[in-house]
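# Descriptive analysis of the structure
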Amino acid sequence: MKRRPAHHRRYKSRSESSPASGQNASRSLTLDSAELPSAYISTAVRHPLIYRKRVARVDSAAKPGDLISVYVEPDELLGYGLYNPKSEIAVRMLRYGAELPDVTYWQGLLNDAVELRRGMLDLAAVTDTFRVVHAEADGLPGLVIDKFGDVLSAEVFSLGMFQRAGAILELLAPLVEAKHWLVQPGPHTLAQEGFAAQSVLSDNCRKEVVVQEFGTKFRVRFQGGHKTGFFCDQRDNRKMLTNFCRDKNVLDLCCYTGGFSVQAMRLGQAKSVTGV
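Before going into details, it helps to say that this report is about the structure given with it. Keep in mind that this is a model prediction, so the values were computed, not measured.

## What to know about unusual backbone geometry
In this model, E73 is joined to P74 through a cis peptide bond whose omega is 5 degrees. Of note, P74 is situated in the loop between β7 (67-72) and β8 (76-83). Its identity is not glycine, yet D247 carries a phi of approximately 60 degrees, on the positive side. Residue classification places D247 among the exposed positions, given a relative accessible area of 59%.

## What about the sheet that holds strand β12 (residues 151-156)?
Paired through their backbone hydrogen bonds, the strands of a sheet run either parallel or antiparallel. The five strands lie next to each other as β10-β11-β12-β13-β14, forming an open sheet whose pairing is mixed. Every other strand in the sheet has two partners, leaving β10 (129-134) and β14 (200-201) as the edge strands with one partner each. Sheet analysis places strand β11 (residues 143-148) next to β12, joined by six bridges and oriented antiparallel. Paired with F148 across the bridge in β12 is V151. Each of β10 and β11 touches helix α1 (residues 103-120); the most contacted strand, β10, lies at about 145 degrees to it.

## What about the packing of α1 against helix α2 (residues 159-172)?
α2 packs onto α1 with a crossing angle of 65 degrees between their chain directions and a minimal axis gap of 11 Å. The orientation of α1 with respect to α2, classified from their angle, is roughly perpendicular. The hand of the α1/α2 crossing is right-handed. Mapping the contact onto sequence places V103, W106, Q107, L110 and V114 in α1 and M161, R164, I168, L171 and L172 in α2. Residues of the contact of α1 with α2, tallied by class, amount to eight nonpolar, one polar and one charged.

## Brief notes about the packing of aromatic side chains
One pass over the full model with this rule turns up five aromatic pairs. Residues F231 and Y256 carry aromatic rings whose centres are separated by 5.5 Å and whose planes lie at 70 degrees to one another, so their mutual orientation is edge-to-face. Here F231 is found in the loop between β16 (216-221) and α4 (235-241), whereas its partner Y256 is found in the loop between β17 (249-252) and α5 (259-266), with 25 residues between them in sequence. On the basis of relative accessible area, F231 is assigned to the partly exposed category, the value being 29%. For Y256, a relative accessible area of 37% gives the class partly exposed. Positioned above the aromatic ring of Y96 is the side chain of R46, whose terminal nitrogen or guanidinium carbon lies 3.9 Å from the ring centre. Over the face of the ring belonging to Y40 we find R57, whose NZ or CZ atom lies 3.9 Å from the ring centre.

## Quick word on the nonpolar core
I145, L152, M161, I168 and V183 are the most contacted members of the largest nonpolar core, which has 40 residues in total. Of all the secondary-structure elements, those providing two or more residues to this core are β7, β8, α1, β10, β11, β12, α2 and β13 (180-185). For this core, the element with the most residues is α2, which contributes seven residues. In this view, I168 contacts L29, W106, L110, L143, I145 and M161; residues no more than four positions away in its chain are not counted. Of all hydrophobic cores here, the second largest spans 14 residues; its members include V45, V72, L78 and Y83.

## A closer look at the pattern of salt bridges
Taken as a whole and judged by the stated rule, the model has 13 salt bridges. In this structure, E177 and R118 form a salt bridge, with 2.7 Å as the shortest nitrogen-oxygen distance. Separated by 59 residues along the polypeptide, E177 in the loop between α2 and β13 and R118 in helix α1 bring together distant segments of the chain. The exposure class assigned to R118 is partly exposed, which follows from its relative accessible area of 26%. Counted as one network, the salt bridges with shared partners bring together R131, D146 and D233.

## A closer look at the pairing of strand β15 (residues 208-213)
Alternating residues of β15 divide into V209, V211 and E213, all buried, and E208, V210 and Q212, none buried. The sheet contact formed by β15 and β16 spans six bridges and is antiparallel. Opposite Q212, over in β16, you have K217 as the bridge partner. Between β15 and β16, which pair antiparallel in sequence order, lie two residues; one of them, F214, sits at a positive phi of approximately 55 degrees.

Conventions and cut-offs
- Residues numbered from 1 in each chain as written.
- Predicted model: local features only at pLDDT ≥ 70, side-chain atom pairs only at ≥ 80, totals over all residues.
- Heavy atoms only, no water.
- Helix = DSSP H or I, 4+ residues; strand = E, 2+ residues; numbered from the N terminus.
- Buried < 20%, exposed > 50% of the residue type's maximum accessible area, 1.4 Å probe, protein only.
- Pairing = 2+ DSSP bridges.
- Contact = heavy atoms within 4.5 Å.
- Axes fitted to C-alpha atoms, helices over the stretch in contact; angles between N-to-C directions.
- Parallel < 35°, antiparallel > 145°, perpendicular 65-115°, else oblique.
- Left-handed = near helix turned anticlockwise from the far one by under 90°.
- Nonpolar A, V, L, I, M, F, W, Y, C, P; charged D, E, K, R; others polar.
- Phe/Tyr/Trp six-rings, centres within 6.5 Å; stacked < 30°, edge-to-face > 60°.
- Lys NZ or Arg CZ within 6 Å of the ring centre and 35° of its normal.
- Core = buried A, V, L, I, M, F, W, Y, C linked by side-chain atoms within 4.5 Å.
- Salt bridge = Lys/Arg side-chain N within 4 Å of Asp/Glu carboxyl O.

Laid out in structure tokens, this is it:
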């Protein structure tokens, strides 16, 4: 951590410099030279989630969802995060140090996330559906994004990320050849984050899409589905199950869309499959 130099400039997004049409209103990722509100904590932490009880004081100008500067008392700059006074997790850290989380920084996080899945893990060789962003693990706390063919489906667990999800998806879409996206609030945002919201969709977003996993096709329906629409993070578990299914009678309980059941029959060559 570094102490704030006398010439240190604070920033906030352009959308924060003008009145919002409500706390759920979309925000830009772009920064300008206006002053950011600040929060102060008593001791330094490296965990990205800072709970309300650790926050000693906050500028009165800070609003729910604001990007804020985070300091360790009395005046050591820790970094920058998204603030929500209505949540027990008052601050979700985005970046540590003096460098600001500008559009270039957000773009870099998304580039790294895509490279991990497509480069190191080579997921495109076996499927066109996979988790592209996994919240804190990819430096984007409170945000999960799954890719289903040419559709990105996001589930949001924090107000600050809900406000910025559209802008993030617009940056991510070209990296994974996506044409459409949708954003859905998590199931407990009202109780945990103090906001209620409807799903937000890009223009002409599909209601359903067909994807493939190890050559097996699945139809994913976004409206009325659970979470992002399909448990694509269970891909390897479904494949592993097929090693034990040949000529067996398989029972799949609580099967949701039947991912395990279908793979047990098609790839595992089970004798029979019952999905409940």
